[in-house]
Structure formats: structure tokens, C-alpha cells
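Fold and contact review
This is what each chain is made of:
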Amino acid sequence: MAPTLKDYEIEYRYYKDGDFGSLNQVIFNSPRQGGGVDFWSLGWLGIDLYSYEQEKTLLNILLEPDHQKEKDEALKRLQELL
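Keep in mind that this is a model prediction, so the values were computed, not measured. (Residues numbered from 1 in each chain as written. Predicted model: local features only at pLDDT ≥ 70, side-chain atom pairs only at ≥ 80, totals over all residues. Heavy atoms only, no water.)

**Describing the packing of aromatic side chains**
A full pass over the atoms with the stated rule returns four aromatic pairs. Aromatic pair phenylalanine 20 and tryptophan 40: ring centres 5.3 Å apart, planes at 90 degrees, arrangement edge-to-face. One end of the pair, phenylalanine 20, is in the loop between β1 (9-18) and β2 (21-29); the other, tryptophan 40, is in strand β3 (residues 33-40), with 20 residues separating them in the sequence. Looking at tryptophan 40, the relative accessible area reads 14%, which means it is buried. Members of the aromatic cluster, joined through ring pairs, are Phe20, Trp40 and Trp44. (Phe/Tyr/Trp six-rings, centres within 6.5 Å; stacked < 30°, edge-to-face > 60°. Helix = DSSP H or I, 4+ residues; strand = E, 2+ residues; numbered from the N terminus. Buried < 20%, exposed > 50% of the residue type's maximum accessible area, 1.4 Å probe, protein only.)

Here it is as C-alpha cells:
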């Protein structure tokens, strides 16, 4: 997905003790929109995307570990919106 983010500033964060285990987080921002993807060690996936131009949330998703199909679909949707 990184090539999709060529016009974005990207920041990688790591938190040892989060709500669902350790957290690897990718934060991305551009003048048009910003958001992040949360990868939890216990298998949870969080995705959020906000449009600064439209002033609205485009994605706000938190998926459980056993929802792999939904995770793949959500990541694809994020990529389409970027």
C-alpha cells in the first residue's frame, strides 16, 4: 500500500501495551485527507480515514481477529479512497 501513499507524510508508531495487545500503527496525512491503520498483536485491525476537504469521516472501522475477509475488503476500500 505504500506506493499509494506517495503524496502523504507517513509516520510509524509502536505501543507496547494497548487495548488489544501491542500496537503497530501507520499514520498518514496529506492536505486532502489523513488517517491511520492500527495493527494489534491480538489480531484486531483498525482503519480510519478523514477528508479535510469534505470535513467528514470516510472510514472508521474496527475488525475482530477472525474477520479476515472483512479486513481484506476494508484495506482494499482504504486503498481505493486514497
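**Things to note about the sheet that holds β1**
An order of β1-β2-β3-β4-β5 is seen for the five strands of this open sheet, with the pairing classed as antiparallel. At either margin of the open sheet sits one strand with a lone partner, and together these are β1 and β5 (56-63). Strand-to-strand twist of the sheet, defined as the mean angle between neighbouring strand axes without regard to direction, takes the value 10 degrees. With seven bridges joining them, strand β4 (residues 45-51) and β5 adopt antiparallel strand pairing. Residue pairing across strands places leucine 49 opposite leucine 59, the latter belonging to β5. Strands β2, β3, β4 and β5 of the sheet are contacted by helix α1 (residues 68-81), whose axis makes an angle of about 160 degrees with β5. (Pairing = 2+ DSSP bridges. Axes fitted to C-alpha atoms, helices over the stretch in contact; angles between N-to-C directions. Contact = heavy atoms within 4.5 Å.)

So, to be careful, I would describe these as geometric facts and stop short of saying anything about function.
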